[in-house]
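The chain contents come next:
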Amino acid sequence: MALAGTAGAAAAAAPVKVAAICGSLRQGSFNRGLVRSAIELSKGAVEGIQIEYIDIAPLPMLNTDLEKQGTFPPEIEAFRQKIREADSVLFASPEYNFSVSPAMKNALDWASRPPNMWGGKAAAIVSAGGTLGGGRGQFHLRHIGVFLDLHFINKPEFFLNAFQPPAKFNDDGDLIDEDAKNRLKQVLLSLKDFTLQLQAKS
Ligand SMILES: Cc1cc2nc3c(=O)[nH]c(=O)nc-3n(C[C@H](O)[C@H](O)[C@H](O)COP(=O)(O)O)c2cc1C
């Protein structure tokens, strides 16, 4: 009897699967550093969450000529499958000219092609960048998410000015700021709770 109860509890405690996407393709990207830090947190400080980094660099530029009767090029099929399998999404989204990066928009658009892979998923946005830490780009991402039927957590917000001393990242782009790590942890806890709330309602 005790064993059956334990098995039930274990099944209920399956980790929330999070797909993490970074809108910057550059090697030393601060935003990808945020993703690495989030993955590290998920292996210790934040229980019950499993984060997989999904690289969007291999995705070709969106061109609907590449779609053949509802099928997509292999890289796109693989990407769409990763999003489908995720319970929620963590966007690390640099701000380019007050908006999201072209790589990010390309990924959003590919997975939005019918059937929309984003629909009904919980999501959170974090960003590192200039003076406002990428905050204006975050608003554009929220706007795009309305039509994609993404459900973003509202709080806590996470913006990080990557250029204001003291250094927030090391030369490899790893997050080294303890306050930022703690704020990132709060985002992950909120994303986990919100994902479970949405799943309980559906
Ligand atoms: C094309 C382009 C446009 C940018 N526009 C903005 C901007 O509007 N606001 C801002 O704060 N930073 C802007 N930046 C700076 C980036 O946000 C900053 O370099 C950030 O660190 C990039 O993220 P990454 O480190 O993950 O690559 C821009 C950078 C590029 C390449």
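Rules of the game
- Within each chain, residues carry numbers counting from 1 in the order of the written sequence.
- Reporting in this predicted model follows two pLDDT cut-offs: at least 70 for local features of residues, and 80 or more for side-chain atom pairs to be given and counted; totals over whole chains, interfaces and linings ignore these cut-offs and use all residues.
- To get the side-chain values, all heavy atoms of the structure are used, and hydrogens and water are removed first.
- UniProt positions are given in the numbering used here, feature names are shortened, and annotations may be inferred rather than shown by experiment.
- Here a cavity denotes a set of grid points, spaced 1 Å apart and computed over the protein atoms alone, in which a 1.4 Å probe fits but from which it cannot get out, and a pocket denotes an open set meeting protein on both sides within 12 Å along at least five of seven lines; residues with an atom within 4 Å of a point are reported as lining.
- Grid points are joined across faces, edges and corners, and a volume is the space filled by probe spheres set on the points.
- Helix and strand assignments follow DSSP, with helices taken as H or I runs no shorter than four residues and strands as E runs no shorter than two, numbered in order from the N terminus.
- Just so you know the grouping, Ala, Val, Leu, Ile, Met, Phe, Trp, Tyr, Cys and Pro go in nonpolar, Asp, Glu, Lys and Arg go in charged, and all remaining residues, Gly too, go in polar.
- Inter-axis angles, ranging from 0 to 180 degrees, are taken between N-to-C directions of lines fitted to C-alpha atoms, where helices are fitted over the stretch in contact.
- The labels follow the angle: roughly parallel below 35 degrees, roughly antiparallel above 145, roughly perpendicular from 65 to 115, and oblique for the rest.
- Throughout, a contact is declared for two residues whenever any of their heavy atoms are within 4.5 Å.
- Consider each residue's heavy atoms; a residue with any of them within 4 Å of a molecule or strand counts as near.
- Polar contacts here mean pairs of N or O atoms no more than 3.5 Å apart (in protein, one a potential hydrogen donor and the other a potential acceptor; neighbouring residues in sequence count only if both atoms are side-chain atoms).
- Only the protein chains shown count as covering a residue, and every accessible area follows the Shrake-Rupley method with a 1.4 Å probe.
- To be counted as sitting in a cavity or pocket, a molecule needs more than half of its atoms within 2 Å of that site's grid points.

- In the nomenclature of an unreviewed UniProt entry, the chain is known as NAD(P)H dehydrogenase (quinone) of Senna tora.
- Taken verbatim from the UniProt record of the chain, the Subunit (unreviewed entry) comment is "Homotetramer."
- UniProt's Cofactor (unreviewed entry) comment on the chain is quoted here verbatim: "FMN".

Details of empty space enclosed by the protein
Once rolled over the atoms, a probe with the size of a water molecule shows which space is left empty.
Then comes step 1: In this structure the tally under the stated criterion is two cavities of 30 Å³ or more.
Then comes step 2: Lining the largest cavity are A124, I125, Q138, R142, I153, P156, E157 and F158.
Then comes step 3: Sorting the residues of the lining of the largest cavity by element identifies strand 4 (122–129) and helix 5 (135–148) as the ones contributing at least two each.
Then comes step 4: Looking at the lining of the largest cavity, its residues break down into five nonpolar, one polar and two charged.
Then comes step 5: Size it by volume and the second largest cavity reaches roughly 30 Å³.
Then comes step 6: G135, Q138, F139, R142, E157 and F159 together form the lining of the second largest cavity.

Observations regarding the packing of helix 3 (residues 74–85) against helix 4 (residues 102–112)
Then comes step 1: Two elements in contact, helix 3 and helix 4, have axes whose closest approach is 9 Å; the angle formed by their N-to-C orientations is 80 degrees. Comparing their axes, helix 4 and helix 3 come out roughly perpendicular. Contacts between helix 3 and helix 4 involve I76, F79, R80 and I83 from the former and A107, W110, A111 and S112 from the latter.
Then comes step 2: Partitioning the contact of helix 3 with helix 4 into residue classes produces six nonpolar, one polar and one charged.

As for the site of the ligand
Then comes step 1: Taken together, 13 residues lie around the ligand, and S24, R26, S29, E95 and N97 are the ones closest in.
Then comes step 2: Between the ligand and S29, the relevant distance is 2.6 Å, taken from an oxygen atom to a side-chain nitrogen or oxygen of the residue.
Then comes step 3: Here an oxygen atom of the ligand sits 3.3 Å away from a polar atom, N or O, in the main chain of G130.
Then comes step 4: About the coverage of the ligand: the protein hides 71% of its 620 Å² of free accessible area.
Then comes step 5: Of the pockets mapped on this structure, the ligand occupies the largest pocket.

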